[in-house]
Amino acid sequence: MPLLEIIGVTSTEMAFCVGFAYLQSERVDNFTWALQMVKEQITSGEVEVIVTDRDLALMNAVENVFPKAVNLLCLFHICKNVKAKCKMTVFSKKKQVQIMEAWEALIYSYDEAQYYMKLAIFEGICSSCSIFYHYVHEQWLIPHKERFVEAWTNRVMHFGNTTTQRVESAHWSLKRILQDSIGDICSVWETINSMIVLQHNEIIASFEKSIIQKVHRYSNRLYANLRGVVSKNAIDHIAAEYDRVKYVGIDQTECRCTIRTTHGLPCACEIARYSMIPRSIPLDAIHGWWSKLTFHVDASSQPSELSVKHEIDIIVKKFEELDVPGKISLKGKLREIAYPSTMSMFPPVAKVKTKGAKKGKSKVSKRDKSTKRDPSWWEYVDASVRCSGTNACSTIDTSKVEKLAPRPSVQKLTPRPSISKVQQPRVLLFKDWLPVEIHKFIDDIIDVGDDGNCGYRAVAALLGMGENCWAFIRQQCVIELQEFMSHYELLFGGENYVRQLIHNVYVEQVASKDNWMTLPEMGYVIASKFNVVVVALSLNQSQTYFPLRSPPPTSMSDHRVIVIAFVNNCHFVQVYLKSYSPIPPASNLWKNYCNEEARQ
């Protein structure tokens, strides 16, 4: 089950745990329930800023529960996704650097006027990269620029929190303590409680440090009203602004007053005025959040208004209405609250034996109990770039591909599950979707992920890279089409068709129907790029695709043959044929448009 962790930040800029919730699934109603529980625990003030990733379900839940709060998006993960898309669609290293520099200048624009000026520059640089620009413009800038571009986030008092890295760090610490994901609720409860106690002690120490510790740098009269009253971190921010006074002076235009709106602290031009009088910075110039150096409720917040009298009266009334067993049950629950040491929750002493269970210890794989999260899309892209052994911008020749996977015959190309230990005949999935004539030659059929990238996943797995390198296969197909566009224009009948094919190969995580692998087009592209023989099987039409330019190996044992099959009218799978199996004939297109070297 997904574990939702909610993090807050103290005046000493330390993270603390607000709440934890196991969710049935990551849906809006589940997130709404968890956030509603948190909202009920907030007794004073309003939640003003919430930072999340671009999880639409979570964003909708935040808007429902905290309608007045500003929902910022994690700038770190946005930049990672943009950089991954740049690697996928831009193949010049120099162009990649130019684009990312323009992107950084755009997101760090200090006002709207500068933003639109930087946007025009960004559009000019991306003029030859329409796919990338369309992704950035439609996915991020139009719908969400107010949530991560500094021109808008600098108007929000977020106290320097514009990423979810604090949550990532806290969640990593929790998973390191939990060690696995199969513990019972009692052990998880105790682990989280121990972590919170340790966290509480560290925060108290940071509060004491701000109150007691004397820093020579802050002996200046300017900080006289602040020492021991506000967080040391607040004074650090003010000191950094004080260093800007010599350049800014009292000019508000030059100062921009960003720290005043984002942190609630005096900016450089304010400090310059205090220095000119001269006088100390008054305490009322500091946002009250920075002076919270204790867990106790401040007297100014009127704790006398908080009471449980109404709730107690309802419980007493309900207690009188219950029968004897009900009264005993309710009284037991109240005793657990009044006397925590008598709580009845404890882990089971021994494992309960269930009827019909298998004898012996159940084997749980490391994957089943792992706390490791699923990789993000940009991590898949980085992994597929590493698969290539070179930069994403450079064209990969066949000699480099050889280092990824040797070129043995089809039965040695990719390790397959051993069938020697199988006592009964195996049932091969999807076998009925293949021509009857080939059934007796099939050694195995292996499925791949069904996210719309299945064709490229099957090819990546058969080339020995693993199916998660589907993005790398797509990228190399684009390079092949762009590098030999004139050849493919003759083969497929025009420039427009090839450009549309290139456009369809671009994809993010989940491919639409337009982005699915198409045959025979991609059969020729994959065969030519990786210098392999591609066999495509289906009930409608089975064909073999040879490389268009490279000659076949001189030795039969060096032939690389990969076999894919189109099944269910919407899915590709891997197929392994037995040695010396027959293969379908080649298309007339190959005979008419291949080079002379390939005919040998």
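Note that the structure is predicted; figures quoted are calculated from it, not measured.

K.L.:
Before we move on, can you summarise the overall build of the protein with the specific residues and values?
P.N.:
Check the secondary structure of the protein and you find 27 helices and nine strands. Put simply, the protein has 600 residues, and 42% of those count as buried. If you take every contact in the protein between residues at least 6 apart in sequence, the share linking residues at least 24 apart comes to 64%.

K.L.:
Go over helix 23 (residues 485-492) with me, naming the residues and quoting the values.
P.N.:
Buried within helix 23 are the following residues: Met485, His487, Tyr488, Leu491 and Phe492. One side of helix 23 holds all its buried residues, which, seen down the axis, span an arc of 155°. Exposed side chains of helix 23 directed beyond 90 degrees from the buried face belong to Ser486 and Leu490. Contact partners of the buried residues in helix 23: helix 22 (470-483), helix 24 (495-505), helix 25 (521-530) and helix 26 (588-593).

K.L.:
So what about the pairing of strand 8 (residues 561-567)? Which residues, and what values?
P.N.:
Burial of strand 8 is extensive: six of the seven residues sit out of reach of the surface. Sheet analysis places strand 6 (residues 533-537) next to strand 8, joined by five bridges and oriented parallel. Its bridge partner lying in strand 8, valine 533 is registered against valine 561. Examined bridge by bridge, strand 8 and strand 9 (residues 571-577) share five bridges and lie antiparallel to one another. Along strand 9, the bridge assignment pairs valine 563 with valine 575. Hairpin remark: strand 8 followed by strand 9, antiparallel, with three residues in the connecting loop; positive phi at asparagine 568, about 60°.

K.L.:
Could you give an account of the nonpolar core, with specific residues and numbers?
P.N.:
Core analysis: the largest hydrophobic core is formed by 53 residues, its most contacted members being Ile473 and Met522. It is helix 22 that contributes the most residues to this core, eight residues altogether. In contact with methionine 522, not counting residues within four places along its chain, are Tyr456, Cys477, Leu501, Val505 and Met517. Of all hydrophobic cores here, the second largest spans 29 residues; its members include Leu106, Leu119, Phe132 and Tyr135.

K.L.:
Break down the packing of aromatic side chains for me, citing the residues and quoting the values.
P.N.:
Taken as a whole and judged by the stated rule, the model has 17 aromatic pairs. A cation sits over an aromatic face here: lysine 145 above tryptophan 152, 5.7 Å from the ring centre. Above the plane of the ring of phenylalanine 484 lies arginine 549, whose end atom (NZ or CZ) is 3.6 Å from the centre.

K.L.:
Explain helix 21 (residues 454-462) to me, using residue names and the numbers behind them.
P.N.:
With nine of nine residues buried, helix 21 lies mostly within the body of the structure. For helix 21, every residue scored as buried is listed here: Cys454, Gly455, Tyr456, Arg457, Ala458, Val459, Ala460, Ala461 and Leu462. Immediately downstream of helix 21, the backbone of glycine 464 shows phi near 85°, a positive value.

K.L.:
Outline the packing of helix 22 against helix 25, supporting the account with residue identities and numerical values.
P.N.:
Viewed as axis vectors pointing N to C, helix 22 and helix 25 meet at an angle of 90°, and their least axial separation amounts to 9 Å. Considering the angle they form, helix 22 stands roughly perpendicular to helix 25. Listed contacts from helix 25 to Phe472, Ile473, Gln476, Cys477, Ile479, Glu480 and Leu481 of helix 22 are Met522, Val525, Ile526, Ser528, Lys529 and Phe530. Residues that form the contact of helix 22 with helix 25 fall into these classes: nine nonpolar, two polar and two charged.

K.L.:
Can you break down the environment of cysteine 570 residue by residue, with the values?
P.N.:
With respect to the secondary-structure elements, cysteine 570 resides in the loop between strand 8 and strand 9. Considering only alpha carbons, one finds cysteine 570 and cysteine 454, 116 residues apart in sequence, at a separation of 9.3 Å. Once residues lying within four places of it in the same chain are set aside, the contact partners of cysteine 570 are Cys454 and Trp516.

K.L.:
Before we move on, can you summarise the environment of lysine 83 with the specific residues and values?
P.N.:
Tracing the chain through its elements places lysine 83 in helix 3 (residues 75-89). Residues lysine 83 and tryptophan 103, 20 residues apart in the sequence, show an inter-C-alpha distance of 9.4 Å.

K.L.:
Please give an account of the sheet that holds strand 7 (residues 543-545) that cites residues and values.
P.N.:
Pairing is mixed across the open sheet formed by five strands, whose spatial order is 5-9-8-6-7. Strands with a single pairing partner mark the edges of an open sheet, and in this sheet they are strand 5 (442-446) and strand 7. Within this sheet the neighbouring strands show an average axis-to-axis angle of 30°, counted without direction. Strands in contact with helix 21 are strand 8 and strand 9; relative to strand 9, the strand with the most contacts, it is inclined by about 25°.

K.L.:
Describe the UniProt feature "transmembrane region" (unreviewed entry) in the protein, and please don't skip the residues or the numbers.
P.N.:
According to UniProt, the "transmembrane region" (unreviewed entry) feature falls on residues 1-23. With 0% helix and 65% strand, residues 1-23 has end C-alpha atoms that lie 6 Å from one another.

K.L.:
I'd like a description of the state of the cysteines, backed by residues and values.
P.N.:
Counted under the stated rule, the structure contains zero disulfides. We note that cysteine 257 lacks a disulfide partner, and the nearest cysteine sulfur, in cysteine 267, lies 3.6 Å from it. The exposure class assigned to cysteine 257 is buried, which follows from its relative accessible area of 18%.

K.L.:
Report on the packing of helix 23 against helix 25, specifying residues and quantitative values.
P.N.:
At a closest axis distance of 12 Å, the pairing of helix 23 and helix 25 adopts a crossing angle of 145°. By crossing handedness, the relation of helix 23 to helix 25 is classed as right-handed. In contact with Tyr488, Leu491 and Phe492 of helix 23, helix 25 contributes Glu521, Tyr524, Val525 and Ser528. Among the residues forming the contact of helix 23 with helix 25, the class breakdown is five nonpolar, one polar and one charged.

K.L.:
Hey, could you go over the pairing of strand 2 (residues 15-22) for me, with residue numbers and the actual values?
P.N.:
As paired elements, strand 1 (residues 3-9) and strand 2 share seven bridges and run antiparallel to each other. Considered in strand 2, the bridge of isoleucine 7 is made with cysteine 17. The antiparallel pairing of strand 1 with strand 2 creates a hairpin that spans five residues between the two strands, and glutamate 13 there sits at a positive phi of about 60°.

Rules used in this analysis
- Counting starts from 1 at the beginning of each chain's written sequence and moves along it residue by residue.
- Note on the predicted model: pLDDT of at least 70 is required for a residue's local features to be given, and 80 or more for side-chain atom pairs to be given and counted; whole-chain, interface and lining totals, by contrast, use all residues.
- Where side-chain values are given, they derive from all heavy atoms of the structure, hydrogens and water being excluded.
- Going along the chain from the N terminus, every DSSP run of H or I of four or more residues is numbered as a helix, and every run of E of two or more is numbered as a strand.
- Exposed residues in this analysis have more than 50% of their type's maximum accessible area, buried residues have under 20%, and partly exposed residues fall in between, with area computed by a 1.4 Å probe over protein chains only.
- We call two residues in contact when some of their heavy atoms are within 4.5 Å.
- Here the arc refers to the set of directions running from the helix axis out to each C-beta atom.
- A strand pair is defined by DSSP finding two or more bridges across the two strands.
- The nonpolar core is taken to be a set of buried Ala, Val, Leu, Ile, Met, Phe, Trp, Tyr and Cys residues, with the residues joined through side-chain atoms within 4.5 Å.
- Note on ring pairs: Phe, Tyr and Trp rings are taken, using the six-membered ring of Trp, and paired if centres are within 6.5 Å. Classes follow the plane angle, with under 30 degrees stacked, over 60 edge-to-face and the rest tilted.
- Two limits define a charge over a ring: the Lys NZ or Arg CZ must be within 6 Å of the ring centre, and within 35 degrees of the ring normal.
- Note on method: axes are straight lines fitted to C-alpha atoms, helices fitted across the in-contact stretch only, with angles between N-to-C directions ranging 0 to 180 degrees.
- Every angle not falling under 35 degrees, over 145, or within 65 to 115 is termed oblique; those three ranges are roughly parallel, roughly antiparallel and roughly perpendicular.
- Residues are grouped as follows: Ala, Val, Leu, Ile, Met, Phe, Trp, Tyr, Cys and Pro are nonpolar; Asp, Glu, Lys and Arg are charged; all remaining types, including Gly, are polar.
- UniProt positions are given in the numbering used here, feature names are shortened, and annotations may be inferred rather than shown by experiment.
- In this description, the term disulfide denotes a pair of cysteine sulfurs within 2.5 Å.
- Here is the rule for handedness: rotate from the far helix to the near one, and if that takes an anticlockwise turn smaller than a right angle the crossing is left-handed, while a clockwise turn gives right-handed.

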